[in-house]
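Each chain is listed here by its residues.
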Amino acid sequence: MKERLQKILSARGVASRRKAEEMIQAGRVRVNGIAAALGDSADTDADEILVDGQPLPPLSAGVYIMLNKPRGYVTTLSDEKGRKNAAQLVSDCGVRVYPVGRLDMDSEGLLIFTNDGAFANTLMHPKHEVEKTYDVWVAGFAEGAVERLRQPMTLDSYTIKPPKVTLLSCEGDTARLRVTIHEGRNRQVRRMCDAAGMQVTRLKRIREGTLKLGDLPLGKWRYLTAAEVNALQK
């Protein structure tokens, strides 16, 4: 059965769909000896598919991991600036996995890794509106800030859905908030707080969909249970 090449590469753990598209555009993927183009399809049973001259790895069992990412780590699989990479923290799992979505370098907390492209796409696709919850420490807190944060905002010409915001504690002009969003736009929570007149001093993701970070130590990872994987897929 023919499938889009980026889907095939993702399912085989070669790269995420977005990265696979970049590899195809760079001419690194060939089907039956011919350089592939973005949008091409292939049949893994009938076609020879090579990436950088090498055949695709065999299908492997799905691996699903949760990492408590520390600050100071980027979530790309490679970084041209040589910065520390979150993938290094899960490299001892024995399988090539990649992050599901991103958590910026200055943020910490729950980050999922997998070699299952379909699972990753389910969590990342905007139509599924997977909720993400963050504990957010801010400076510049003042009366009315929570109400401002709850209002619809426009980022990059896109109007985001109003977040759920709970004030956990405050002291003077500093506060700790719990913020739940539906989208995952670039540095969204930080930019929302900026627009509401606050500066984020610490940001920690504690939940994604039905999955909670819990007491997983900083910098450590664990496998997801079958029940956790099934709940996320639903």
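Above: the structure in question.
Residues numbered from 1 in each chain as written. Predicted model: local features only at pLDDT ≥ 70, side-chain atom pairs only at ≥ 80, totals over all residues. Heavy atoms only, no water.

Draft legend 1. Examining the side chain of K132 more closely. Considering the arrangement of structural elements, one finds K132 in strand β10 (residues 132-139). Although K132 is buried, it forms no salt bridge, and the closest oppositely charged side chain is E208 at an N-O distance of 4.6 Å. When residues no more than four places from it in sequence are discounted, the contact partners of K132 are V179, T180, I181, E183, R205, R207 and E208. (Helix = DSSP H or I, 4+ residues; strand = E, 2+ residues; numbered from the N terminus. Buried < 20%, exposed > 50% of the residue type's maximum accessible area, 1.4 Å probe, protein only. Lys, Arg positive; Asp, Glu negative; His and termini not counted. Salt bridge = Lys/Arg side-chain N within 4 Å of Asp/Glu carboxyl O. Contact = heavy atoms within 4.5 Å.)

Draft legend 2. Highlighting the sheet that holds strand β3 (residues 34-35). Taken in spatial order, the 4 strands of this open sheet run β3-β2-β5-β6, and their pairing is antiparallel. Looking at strand neighbours, the two that pair on one side only are β3 and β6 (54-55), the edges of this open sheet. With 2 bridges joining them, strand β5 (residues 49-51) and β6 adopt antiparallel strand pairing. Of the residues in β6, the one forming a bridge with L50 is P55. (Pairing = 2+ DSSP bridges.)

Draft legend 3. Expanded view of the packing of helix α3 (residues 117-124) against helix α6 (residues 226-233). Between α3 and α6, whose axes approach to 9 Å, the crossing angle comes to 50°. One way to sum up the angle between α3 and α6 is to call them oblique. On α6, the residues touching F119, T122 and L123 of α3 are V229, L232 and Q233. (Axes fitted to C-alpha atoms, helices over the stretch in contact; angles between N-to-C directions. Parallel < 35°, antiparallel > 145°, perpendicular 65-115°, else oblique.)

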